[in-house]
Amino acid sequence: MGRIRYAAKPEAERRNRELEATSVGAWAESLTVVYETDPDVVAAVLPLPLEPSEPLARVTIATVAMNGRPPFGAGSFNRRPRL
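The structure presented is a predicted model; accordingly, all values stated were derived computationally and were not measured. (Residues numbered from 1 in each chain as written. Predicted model: local features only at pLDDT ≥ 70, side-chain atom pairs only at ≥ 80, totals over all residues. Heavy atoms only, no water.)

Visitor: Now, about the overall build of the chain: what can you tell me, with residues and values included?
Guide: Broken down by element type, the chain carries two helices and three strands. Across the 83 residues of the chain, 10% fall into the buried class. Restricting to contacts in the chain with at least 6 residues of sequence separation, those with at least 24 account for 53%. Counting every atom, the chain has about 7400 Å² of accessible surface; 59% of that belongs to carbon and sulfur. (Helix = DSSP H or I, 4+ residues; strand = E, 2+ residues; numbered from the N terminus. Buried < 20%, exposed > 50% of the residue type's maximum accessible area, 1.4 Å probe, protein only. Contact = heavy atoms within 4.5 Å. Areas by Shrake-Rupley, 256 points an atom, 1.4 Å probe, with all protein chains shown as cover.)

As structure tokens, this is what we get:
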């Protein structure tokens, strides 16, 4: 007898994708801060031809643990430039 391809699978054949997604061995905790900054200061450090857009900046700081290795830190500072 042929197998029905596009129907609900029996309980024994179902996969718990949420559990599989958390089993990759990597985890991150992060803090993101968005704040208003001085547009003139941003304009002074942006390379040409970029120009500052709204005066908002975003800083993200994170701790990352991967596959049983010691955790390490990561961070970024972002501004949305206008082309």
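Visitor: Pulling in residues and values, what's your account of a nonpolar patch on the surface?
Guide: Residues L31, V33, Y35 and F77 make up a contiguous nonpolar surface patch of roughly 390 Å² in combined accessible area. Counting residues per element, the nonpolar patch draws most heavily on strand 1 (residues 26–36), which supplies three residues. Counting through the fold element by element, F77 comes out in strand 3 (residues 72–82). (Patch = residues over 30% accessible without salt bridge, like charges linked within 9 Å, V, L, I, M, F, W, Y side chains within 5 Å. Salt bridge = Lys/Arg side-chain N within 4 Å of Asp/Glu carboxyl O.)

Visitor: So, unusual backbone geometry: which residues are in play, and what are the values?
Guide: Backbone torsion omega between L48 and P49 reads 10°, so that peptide bond is classified as cis. Topologically, P49 is positioned in the loop between helix 2 (39–45) and strand 2 (51–66).

Visitor: I'd like to hear about the environment of V33, residue by residue, with values.
Guide: You can see V33 is positioned in strand 1. Along the chain, V33 and I61 lie 28 residues apart, while their C-alpha atoms are 8.9 Å from each other. Leaving out residues up to four positions away in the same chain, V33 has contacts with A57, R58 and V59.

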